[in-house]
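# Close look at the chain arrangement
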Amino acid sequence: MKSIYQTQADMPDIGKLQMNVESRINNDPIPDAQIAISYTGEPESTFETLRTDESGQTQQIELEAPPLDYSMEPSESQPYAQYTIQITAEGYEPVTINGIQVLPEVTAVQNIRLMPVGEPTRWPDDIIIPANTLFGNFPPKIEEAEIKPVRQTGEIVLSRVVVPEYVVVHDGAPTDNTAMNYYIRYKDYIKNVASSEIYATWPDATIRANVLAIMSFTMNRVYTEWYRNKGYDFTITSSTAYDQKWSYGRNIFSNISLIVDEMFQNFLSRPNVRQPILTQYCDGQRVSCPNWMTQWGSKYLGDQGYSAIEILRYYYGSNMYINTAEEISGIPSSWPGVELTIGSSGSKVRQMQEQLNRIARAYPAMPTITADGIYGPRTQAAVAKFQSIFGLPVTGVVDFRTWYKISEIYVGVSRIAELV
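Given the structure is predicted, the values throughout are model-derived calculations rather than measurements.

### Observations concerning the overall build of the chain
Broken down by element type, the chain carries eight helices and 18 strands. By the compact-globule yardstick of 22 Å for 420 residues, the chain fits well, its C-alpha radius of gyration being 21 Å. In terms of principal-axis extent, the alpha carbons of the chain reach across some 60 × 50 × 45 Å. When the 420 residues of the chain are sorted by exposure, 56% land in the buried category. The contacts in the chain between residues at least 6 apart in sequence include a share of 70% that link residues at least 24 apart.

### Here's the deal with the pairing of strand β4 (residues 61-65)
Of all five residues that make up β4, four are buried, and the element is covered over most of its length. Two elements, strand β1 (residues 13-23) and β4, share five bridges in a ladder whose sense is antiparallel. Following the sheet pairing, Leu17 is matched in β4 by Ile61.

### Observations regarding the state of the cysteines
Scanning the model with the defined rule gives one disulfide in all. Here Cys282 pairs with Cys289 through a disulfide, and the sulfurs are 1.9 Å apart. Of note, the bridge from Cys282 to Cys289 carries an S-S torsion of about -85° and is left-handed in sense. For the pair Cys282 and Cys289, a shared accessibility class is recorded, and that class is buried.

### Re the environment of Thr324
Along the chain, Thr324 falls in strand β17 (residues 321-324). In this structure the C-alpha to C-alpha distance between Thr324 and Phe390, which are 66 residues apart in sequence, comes to 25 Å. Residues within four places of Thr324 in sequence aside, it is in contact with Gln265, Asn266 and Phe267. In this structure the side chain of Thr324 is engaged in a polar contact, spanning 3.3 Å, whose partner is the side chain of Asn266.

### Details of the sheet that holds strand β10 (residues 166-170)
Here three strands make up an open sheet; going across it, the order is β11-β10-β12 and the pairing mixed. Each edge of the sheet is formed by a strand with only one pairing partner; in this case those strands are β11 (181-185) and β12 (236-237). Of the strand pairs in this sheet, β10 and β11 are connected by five bridges, and their pairing is antiparallel. The partner of Val169 across the bridge, within β11, is Tyr182.

Cut-offs applied
- Residues numbered from 1 in each chain as written.
- Predicted model: local features only at pLDDT ≥ 70, side-chain atom pairs only at ≥ 80, totals over all residues.
- Heavy atoms only, no water.
- Helix = DSSP H or I, 4+ residues; strand = E, 2+ residues; numbered from the N terminus.
- Rg over C-alpha atoms; globule rule 2.2 N^0.38 Å.
- Buried < 20%, exposed > 50% of the residue type's maximum accessible area, 1.4 Å probe, protein only.
- Contact = heavy atoms within 4.5 Å.
- Pairing = 2+ DSSP bridges.
- Disulfide = S-S within 2.5 Å.
- Polar contact = N/O pair within 3.5 Å; in protein donor to acceptor, adjacent residues only side chain to side chain.

Structural data, given as structure tokens:
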């Protein structure tokens, strides 16, 4: 690792960065893409060049980062380092991403989607990642009722809580007609917001509490069709005054990603209230919100050993509960309810094997297997390889996270084209 003390002062700690490159058209990985890494603000100062492997991934690279303490207390010092990458690949339009945030002791993940040369595009090819909301200046949330009045016809409001496959994010205030709408997979949206609004260095229980609040807020917007009932054509906005901070093209963090993959079916509820609760929150330092969760406060409670639900009840009251959505949209089949491992058999195993084989056509590092409905050593090896490629704990066992990640990737690579 090359030192960057000459250009960035006070960088005694180490963070990691991994990049994943795929085609925007068919979601296939792009091998042999070249990625030049430089310091943000000095784009000509390339100090490392990486290439993607057959799965479209780079190795994890260690990069210097500010002291861990900067992200553990409110500070005037920026708690993350910022890097710029330039991505080129034969047959694809180049992309530059400025301001990738690298925190100490955690892994930043930058997903990159390239458009083939000659294809019409409306997506920016020069991405600038804004500051984390705890460090930058963003408008505070405008207070709303946490439970919304809903129509009873069933025509607008959903009759049950469903995890959507996509949300439509309006990248600006609701009334900004110049802002673009983006179709974003639900889990990707949650990972983006959490990585934009809290620090991945915080205690696990704190991250879980904040992820649950983010998911419940989002699910309330989905369930009540809040903006569509007002005549808009989107699900939620990226404005912190109205909703939550989402940033096009930003990096996420691997630990946040794993937590979302584990919990994405959950939301927060109160007794005798069908809709997910609109769980509003603020930072608790520059902005005070007595009846909401504060992000810094949740961090301190996590330091004291509070669990996620204890943190949430501390702020929202003892009658707040973690609930599970009745349905997940956009998946071939739901989680079987038990882990699949050596000795498992049946239709769920066969379906999973068929999906892995389709994924292997796009990811040649994965072995193909016989879809016979029997979970043997070759299936275990294919599952383990899948887990290693997609950032999951490598166990060779299909648990909840792995089942839905297989479904997500299978749906992505088997479609002719993605929405975004």
